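For reference, the chains in residue letters:
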Amino acid sequence: MQSSLSADRHPVRQHSAGGEGPSAAGDGAPAPRLSGETALRLAAVVAVLAAALLTACGCADHSAWLQRELRAAAARSLLFWRPAPAGHWQPLGHHRPPLAEPIDQLERFPSPEEFFRRYVRPQRPVVFRGLAGVHPAYWLWTDDYLRREFGSVELDVEQKKKEDRSIGLTRMNVSEFLSVYKEKDLYVVHSIQEEMRRDLALLPSVQCGGLQRLMMDAVLWFSSGGTKSVLHYDELDNINCVLDGYKHFFLVDVDDAHHIEFDHMEGLYSSVDVTSVDMYRFPGLRDVPWYNVTLWKGDCFYLPFRWPHHVISSDSRNVAVNLWFSRLLWFNESECSDFQVSEHASLSDFDPAEDADLQRAHLVARVEDSEQLTLLAFADLYADALPDDDEAAEAAFDQLDADGDGLLQLPEMYEYEAVKFLRLFPRYERRD
């Protein structure tokens with residue numbers, strides 16, 4: 001059953017009871033000598049000047065970091081007479097109520113064409129309630145079964161359940177992990193090996209039309225519960241299924257991501273402490289709208305690429321699997337016309353995408369807001385990847401423009417052989 005929502009991509013946003021935004025000062029509070037906006041601007045000026053002086057004298061090597069720290073300290077000083085912003089020194093999400101009923105919920109898997117048209121292409125998340133049982137693992141993966149069937153399989157294990165990307169991973173096999181995970185601060189985040197994939201399914205909504213060729217990986221998330229991720233986003237589409245326990249998502253629309261300072265772009269995450277948010281150091285988080293999505297045992301969730309999120313797991317055994325897909329902009333209808341979708345398709349029957357297909361998908365994803373390109377738009381969009389030569393750019397365009405109409409369409413880009421496609425972009429830096 002689908003929740004009642006506007007047909008537009010972004011439904012009307014409503015807020016649950018409980019108020020919104022920072023609380024006002026009481027009648028007896030002293031009148032502020034500066035407005036909050038003016039104080040923050042002064043704080044920024046003070047921070048920049050102080051950082052410049054310290055950098056000039058060789059006292060600091062990280063001026064951007066120093067500016068942020070000084071700005072936060074100056075803001076606290078200049079605003080000492082005002083109440084702290086809502087959510088300050090509290091867990092992420094305490095600054096305002098979540099948006100009410102924002103996410104579609106289905107009790108069936110849509111067809112591949114419907115899934116692409118309604119959710120993948122417009123980047124709209126959707127929850128599939130009670131459908132994780134399509135994975136045999138949902139019924140099979142007890143600790144005893146995992147130890148018996150996969151005890152020697154090696155795993156990558158995070159050494160803290162509150163994510164800290166500065167700490168390296170450790171390795172242990174399944175049996176070793178199962179013997180200690182209930183007492184230790186450990187969290188398996190590991191690409192699922194071939195022998196374990198037989199217990200997983202490729203969901204019916206992604207079995208044809210192109211997505212099945214852009215599956216990058218399947219990942220196991222396993223702990224005794226209480227995990228907390230950093231606030232981050234991914235450059236891939238994600239379908240997450242909870243096999244045991246539950247997960248809470250703090251979810252931000254990609255169009256509202258500008259509120260968040262992602263100060264670690266090498267990992268696409270923010271260094272904000274998700275358990276105690278410093279609203280002076282990260283002022284954009286004071287106003288960010290957010291959705292609260294809870295996945296219960298048996299639920300699956302399509303999370304579009306670039307939607308910022310932070311995830312908390314239940315305080316008990318927690319097992320989930322997710323499938324990563326590269327961004328797809330065009331659905332190949334002819335491929336699905338004679339294809340019989342199955343709820344029993346084993347993931348082991350589908351190979352991860354070839355690297356060339358993934359690299360091509362990454363390049364094509366730049367076209368996100370267009371259905372076709374002129375030569376001028378093509379040359380501008382891919383200027384960093386094409387040869388530094390106008391004639392070469394035109395030759396690449398002509399190679400891809402199969403019907404020769406002077407307009408490059410998405411199908412023409414996706415149907416061009418991937419390896420040859422990449423040769424047209426010799427300056428493109430391949431992604432890992």
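Look up a bit, the structure's there.
Quick caveat: nothing in here was measured; it's all calculated off a predicted structure.

Draft legend 1. Structural view of empty space enclosed by the protein. Within this structure, the stated rule accounts for two cavities of 30 Å³ or more. Roughly 50 Å³ of internal volume is contained in the second largest cavity. Around the second largest cavity, the lining residues are Leu146, Leu155, Val174, Phe177, Leu178, Met196, Leu220 and Phe222. Listed by contribution, the elements that provide at least two residues to the lining of the second largest cavity are α6 (174–180) and β6 (215–223). Among the elements that line the lining of the second largest cavity, the one with the most residues is α6, at three residues. Taken together, the residues of the lining of the second largest cavity break down into eight nonpolar, no polar and no charged.

Draft legend 2. Summary view of the sheet that holds β6. Read from one edge to the other, the open sheet built from nine strands follows the order β1-β2-β10-β7-β12-β6-β5-β3-β4, with strand pairing classed as mixed. On the outer flanks of this sheet lie β1 (104–106) and β4 (169–173), each paired with one strand and no other. The sheet shows a mean angle of 25 degrees between the axes of neighbouring strands, taken without regard to direction. Where strand β7 (residues 237–244) meets strand β12 (residues 318–325), seven bridges bridge the pair, whose relative direction is antiparallel. Residue pairing across strands places Ile239 opposite Leu323, the latter belonging to β12.

Draft legend 3. Spotlight on unusual backbone geometry. Even without a glycine there, the phi angle at Gln123 is positive, about 60 degrees. Looking at the secondary structure, you find Gln123 in the loop between α3 (112–120) and β2 (126–128). A relative accessible area of 9% means that Gln123 is categorised as buried. A positive phi angle, close to 70 degrees, is found at Arg306, a residue other than glycine.

Draft legend 4. Just the sheet that holds strand β9 (residues 291–295), in detail. The strand order across the open sheet built from three strands is β9-β8-β11, with neighbouring strands paired in antiparallel fashion. Two strands close off the open sheet at either side, each with one partner strand: β9 and β11 (309–313). With direction set aside, neighbouring strand axes in the sheet form an average angle of 20 degrees. Looking at chain direction, strand β8 (residues 247–251) and β11 are connected through five bridges and run antiparallel. Across the sheet, residue Phe250 finds its bridge partner in β11, namely His310.

Conventions we followed
Residues numbered from 1 in each chain as written. Predicted model: local features only at pLDDT ≥ 70, side-chain atom pairs only at ≥ 80, totals over all residues. Heavy atoms only, no water. 1 Å grid on protein atoms, 1.4 Å probe; cavity = no way out; pocket = protein on both sides within 12 Å on 5 of 7 lines; lining within 4 Å. Points joined across faces, edges and corners; volume = space filled by probe spheres on them. Helix = DSSP H or I, 4+ residues; strand = E, 2+ residues; numbered from the N terminus. Nonpolar A, V, L, I, M, F, W, Y, C, P; charged D, E, K, R; others polar. Pairing = 2+ DSSP bridges. Axes fitted to C-alpha atoms, helices over the stretch in contact; angles between N-to-C directions. Buried < 20%, exposed > 50% of the residue type's maximum accessible area, 1.4 Å probe, protein only.

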